[in-house]
Amino acid sequence: MLKPTLPPISYQLQLLALLSLPKPTLEQTARAQEISFHIEDQSDFISSIVHHKIWPCAYLNIKKHLGSAFDQQFLNELKSYNIQNTTHYLRSTKQTKELFERLNKNNIEHRQIKGPHLAKLYPEPSLRHCGDIDILINSKDFNAAHAILTSLEYHCEEFSPLSPYLKKLYLSKLREVRYNKPKSQLVELHTRLLHYNTTLSKRYTKKSLLDPGLTHEDTFVYLCWHSTETLHHRIKWLCDLAIIIQNNDLNWEEVYLQAKKVDSIRAVTVCLYLAQHIYKISANDTRAYEFFPLEKKSLYIIQESINSLENNSNPLEGKQQSIMRQCGFLLNESFYNKFILISHRFKPSLEEIVQLNDAPRILHPYIKLRGLLKKIILDFIGLTKSARAHLF
């Protein structure tokens, strides 16, 4: 077991973490007031708040406790984001009700996942950023659900034009299909919880759609994976986990048993120590740190996560994607799940699927081979010296 000596974090990241909390303690509020005067570039700071999508709690906390540290222009801009989030929340609630009524009417099993579900952790649901509407369905019901959304005038420009063969390829590569509608929130239909069919994805997708659904400990394990797979590039996900840890209602032995079943020990380890390091929030049960000791590979992922948080990293940027894939490979300890990740990596990307749809059939083998070689070269070039030391 390693002694948890983690890299220092900037004043800006410390303040972002404190402002993301819906109910900071007196001690946390005093610390926020102390470090708020170290923020030199307010324009850059508000960009970070927007990137991490924490403006509802940030606005409330700054207005109540830190108003004197920021100028009026900063407060007005933050207020406009907060009003926007409230509007989105009300719109999302109405949309979700309509969609669920139609899915229920057609006997389609479904569960709402991520955002609105996690908003229950907050004193007011609108204090958590509201983005798209994520709905998990059984893969066998996808065509029926797709027809329902289409009948409600939702459009899917990426998926709808594809041939039946390419639609099947799309669904094997991506976990969700996105639907747009004017003056409405984006809707995502998920056929599984992760892009790839690892043990966690298969087990928790199936369990989510059955009553009573995921347990509290299952949900925590899944959220740890969801946050860690993108190196926590939005601090709001780490905030959700910190709140759950702070609530002290997890059975840590059960968390360990479930994490072990779905090969997610490292994901939980990373989140446990990051919450302690960034939020100064620790598990009340000290056995948690015995179940999830810090080791070299977890420490490497934590370091890359801190880099991602400090730099407001974009997970769609090439270099960041390479680092995320390396860490994702390390998150899985079983050879089975590592193989699933590697094989999924070399399936055609969305960009390649669109190219296949536009190209004559005779060019399909060439497009697939070109895409495969590009991925191999990019992955080899993208391997950092530090990653090589941990991967091999």
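What counts as what
- Residues numbered from 1 in each chain as written.
- Predicted model: local features only at pLDDT ≥ 70, side-chain atom pairs only at ≥ 80, totals over all residues.
- Heavy atoms only, no water.
- Helix = DSSP H or I, 4+ residues; strand = E, 2+ residues; numbered from the N terminus.
- Rg over C-alpha atoms; globule rule 2.2 N^0.38 Å.
- Buried < 20%, exposed > 50% of the residue type's maximum accessible area, 1.4 Å probe, protein only.
- Areas by Shrake-Rupley, 256 points an atom, 1.4 Å probe, with all protein chains shown as cover.
- Axes fitted to C-alpha atoms, helices over the stretch in contact; angles between N-to-C directions.
- Parallel < 35°, antiparallel > 145°, perpendicular 65-115°, else oblique.
- Left-handed = near helix turned anticlockwise from the far one by under 90°.
- Contact = heavy atoms within 4.5 Å.
- Salt bridge = Lys/Arg side-chain N within 4 Å of Asp/Glu carboxyl O.
- Polar contact = N/O pair within 3.5 Å; in protein donor to acceptor, adjacent residues only side chain to side chain.
- Expected span 1.5 Å × (residues − 1).
- Phe/Tyr/Trp six-rings, centres within 6.5 Å; stacked < 30°, edge-to-face > 60°.
- Lys NZ or Arg CZ within 6 Å of the ring centre and 35° of its normal.
- Patch = residues over 30% accessible without salt bridge, like charges linked within 9 Å, V, L, I, M, F, W, Y side chains within 5 Å.

**Q** Account for the overall build of the protein chain, with residues named and values stated.
**A** Counting its secondary structure elements, the protein chain contains 20 helices and four strands. Against the compact-globule benchmark of 21 Å for 392 residues, the protein chain has a radius of gyration of 22 Å, which places it among compact chains. Overall size of the protein chain, expressed as C-alpha extent along the three principal axes, is 65 × 50 × 40 Å. Looking at the protein chain residue by residue over its 392 residues, the buried ones come to 52%. Accessible surface, the protein chain: about 19100 Å² in total, of which carbon and sulfur atoms supply 55%.

**Q** Talk me through the packing of helix α9 (residues 199-208) against helix α10 (residues 216-228); I want residue IDs and the actual numbers.
**A** The interhelical angle for the contact between α9 and α10, taken along N-to-C directions, is 135°, at an axis separation of 12 Å. Considering the angle they form, α9 stands oblique to α10. Note that α9 runs across α10; the crossing there is left-handed. Side by side, α9 and α10 meet where Leu200, Tyr204 and Lys207 of the first sit next to Asp218, Val221, Tyr222 and Trp225 of the second.

**Q** Any details on the pattern of salt bridges? Residues and values, ideally.
**A** Per the stated rule, a full pass over the model turns up 14 salt bridges. The salt bridge partner of Glu176 is Arg175, with a shortest N-O separation of 3.1 Å. Its relative accessible area of 7% is what places Glu176 among the buried residues. Using a relative accessible area of 10% as the deciding quantity, one classes Arg175 as buried. The salt bridge involving Asp285 is made with Arg287; its shortest N-O contact spans 3.1 Å. Accessibility expressed as a relative area gives 24% for Asp285, which makes it partly exposed. In this structure Arg287 comes out as partly exposed when scored by relative accessible area, which is 35%. The structure contains a network of salt bridges with shared partners spanning Arg175, Glu176, Arg178, Glu188 and Glu229.

**Q** Describe the side chain of Ser201, with residues and values.
**A** For Ser201, the location among the structural elements is in helix α9. From its side chain, Ser201 meets the backbone nitrogen of Leu194 in a polar contact 3.4 Å long. Residues contacting Ser201, with those up to four places away along its chain left out, are Arg192, Leu193, Leu194 and Tyr196.

**Q** Hey, could you go over helix α5 (residues 72-105) for me, with residue numbers and the actual values?
**A** Spanning 34 residues, α5 covers 50 Å between terminal C-alpha atoms, matching the ideal 50 Å at 1.5 Å per step. Within the sequence span of α5, burial applies to Phe74, Leu75, Leu78, Asn82, Asn85, Ser92, Gln95, Thr96, Leu99, Phe100 and Leu103. Near the N-terminus of α5, the side chain that reaches the backbone nitrogen of Gln73, with its oxygen 3.3 Å away, is that of Asp71.

**Q** For the packing of aromatic side chains, give the residues involved together with the corresponding values.
**A** One pass over the structure, following the stated rule, counts 11 aromatic pairs. On the basis of an interplanar angle of 75° and a centroid distance of 5.2 Å, the ring pair of Phe159 and Tyr170 is categorised as edge-to-face. Of this pair, Phe159 sits in the loop between α7 (142-151) and α8 (164-173) while Tyr170 is found in helix α8, placing the two residues 11 residues apart along the sequence. Note on accessibility: Phe159 and Tyr170 belong to one class, buried. Ring centres of Phe220 and Trp252 lie 5.5 Å apart, and the angle between their planes is 85°; this geometry places the pair in the edge-to-face category. With Phe220 in helix α10 and Trp252 in helix α12 (residues 252-261), the pair connects residues that are 32 residues apart, well separated along the chain. Taken individually, Phe220 and Trp252 each receive the classification buried, so the pair is uniform in this respect. Within the aromatic cluster, the residues linked to one another by ring pairs are Phe220, Trp252, Tyr256, Phe291 and Phe292. The residue whose ring lies beneath Lys338 is Phe329, and the NZ or CZ to ring-centre distance is 4.2 Å.

**Q** How would you sum up a nonpolar patch on the surface? Please name residues and give values.
**A** A cluster of nonpolar residues, Ile342, Phe346, Leu369, Leu372, Leu373, Ile376 and Ile377, forms a patch on the protein surface that exposes about 580 Å² of accessible area. When residues of the nonpolar patch are assigned to their parent elements, the largest contribution, five residues, is made by helix α19 (residues 364-382). Relative to the assigned elements, Leu369 resides in helix α19. Note on Leu369: relative accessible area 48%, which makes it partly exposed.

**Q** Just give me the short version of unusual backbone geometry, but keep the residues and values in it.
**A** Put simply, Asp211 and Pro212 share a cis peptide bond, and its omega is 5°. Here Pro212 shows up in the loop between α9 and α10. A positive phi angle, close to 60°, is found at Lys183, a residue other than glycine. Relative to the helices and strands, Lys183 is located in the loop between β3 (176-179) and β4 (187-190). Judged by relative accessible area, which is 76%, Lys183 ranks as exposed. Non-glycine residue Asp263 carries a positive phi angle of around 55°. Relative to the helices and strands, Asp263 is located in the loop between α12 and α13 (265-279).

Take it as geometry only, folks, not as evidence of what the structure does.
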